[in-house]
Amino acid sequence: PMVSSLAHRITGVAMGVVVYAFSLGVLLAPDGIEHYVDVLKSLELGPAFWLPMKSIALFPLIYHTTNGGRHLYWDFKGGYEITTQYKTAYSAWAFAGSMAVFFAALPYFL
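Residues numbered from 1 in each chain as written. Predicted model: local features only at pLDDT ≥ 70, side-chain atom pairs only at ≥ 80, totals over all residues. Heavy atoms only, no water.

### Some words on the overall build of the protein
Assigned secondary structure in the protein consists of 4 helices and 0 strands. Overall, the protein shows an N-to-C arrangement of helices and strands of α-α-α-α. Its C-alpha radius of gyration of 17 Å places the protein more than 25% over the 13 Å reference for a compact globule of 110 residues. The principal-axis extent of the C-alpha atoms belonging to the protein is close to 50 × 35 × 20 Å. Residue burial in the protein is summarised as follows: out of 110 residues, 18% are buried. Excluding contacts between residues fewer than 6 apart, the proportion of contacts in the protein whose partners are at least 24 apart in sequence is 80%. For the protein, the computed accessible surface area is about 8000 Å², with 75% contributed by carbon and sulfur atoms. For the protein, the distance from the average site of its 6 positive side-chain charges to the average site of its 6 negative ones is 17 Å. (Helix = DSSP H or I, 4+ residues; strand = E, 2+ residues; numbered from the N terminus. Rg over C-alpha atoms; globule rule 2.2 N^0.38 Å. Buried < 20%, exposed > 50% of the residue type's maximum accessible area, 1.4 Å probe, protein only. Contact = heavy atoms within 4.5 Å. Areas by Shrake-Rupley, 256 points an atom, 1.4 Å probe, with all protein chains shown as cover. Lys, Arg positive; Asp, Glu negative; His and termini not counted. Charge placed at Lys NZ, Arg CZ, Asp CG, Glu CD.)

### Remarks on a nonpolar patch on the surface
A contiguous nonpolar surface patch, about 510 Å² in accessible area, is contributed by Val18, Phe22, Val26, Ile33, Tyr36 and Val37. Only α1 (2-28) and α2 (33-42) provide two or more residues apiece to the nonpolar patch. Here Val18 shows up in helix α1. (Patch = residues over 30% accessible without salt bridge, like charges linked within 9 Å, V, L, I, M, F, W, Y side chains within 5 Å. Salt bridge = Lys/Arg side-chain N within 4 Å of Asp/Glu carboxyl O.)

### Quick notes on the packing of α1 against helix α3 (residues 47-77)
Between α1 and α3, the shortest axis-to-axis distance is 9 Å and the interhelical angle comes to 130°. It follows that α1 is oblique to α3 by the angle criterion. Where α1 crosses over α3, the handedness of that crossing is left-handed. Here Ser4, Ala7, His8, Thr11, Gly12 and Met15 of α1 lie close against α3, whose contacting residues are Pro60, Leu61, Tyr63, His64, Asn67, Gly68 and Arg70. Here the residues of the contact of α1 with α3 are counted per class, giving 5 nonpolar, 7 polar and 1 charged. (Axes fitted to C-alpha atoms, helices over the stretch in contact; angles between N-to-C directions. Parallel < 35°, antiparallel > 145°, perpendicular 65-115°, else oblique. Left-handed = near helix turned anticlockwise from the far one by under 90°. Nonpolar A, V, L, I, M, F, W, Y, C, P; charged D, E, K, R; others polar.)

### A few points about the packing of aromatic side chains
Within this structure, the stated rule accounts for 7 aromatic pairs. Between Phe49 and Trp50, the ring centres sit 4.9 Å apart and the planes meet at 80°, which makes this aromatic pair edge-to-face. Accessibility expressed as a relative area gives 35% for Phe49, which makes it partly exposed. Grouped by ring-pair contacts, the aromatic residues Phe59, Tyr63 and Trp93 constitute a single cluster. (Phe/Tyr/Trp six-rings, centres within 6.5 Å; stacked < 30°, edge-to-face > 60°.)

### Regarding helix α4 (residues 82-109)
A rise of 1.5 Å per residue sets the reference length of α4, with its 28 residues, at 40 Å; its end C-alpha atoms lie 40 Å apart and thus fit the reference within 8%. Looking only at α4, the buried set comprises Gln85, Ala89, Ala92, Ala96, Ala100, Ala104 and Ala105. Buried residues along α4 sit against α1 and α3. (Expected span 1.5 Å × (residues − 1).)

### Some thoughts on the side chain of Thr11
Inspection of the secondary structure puts Thr11 in helix α1. There is a polar contact of 3.1 Å between the side chain of Thr11 and the side chain of His64. Setting aside its immediate chain neighbours within four residues, Thr11 contacts Pro60, Tyr63 and His64. (Polar contact = N/O pair within 3.5 Å; in protein donor to acceptor, adjacent residues only side chain to side chain.)

### Structural notes on the side chain of Ser55
Note that Ser55 resides in helix α3. For Ser55, a relative accessible area of 12% corresponds to the buried category. The residues contacting Ser55, other than those within four sequence positions of it, are Ala100, Val101 and Ala104.

Listed below in structure tokens is the structure:
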């Protein structure tokens, strides 16, 4: 439970920092975002590179959202038993990991 709570806080802070840093970078960049997307496309890195990178980028968002739902469940329904906390923590990690890979892989199958 302590690790999942710490991970929830870390993912929240990390996402906030990334959003501000990315926004500031786009604002201060000499070219538009389209230029940088074209540069990344020109590198011609395949799915073996992009799938893990996309999964890593998606994991904090999905985990933070899932774990936030878990905390809301605690607020309204309970679930404070230690066995329930362990089960829901492992479920949140597994769900976030599998959904991050699923959503990252989705464009390759459409």
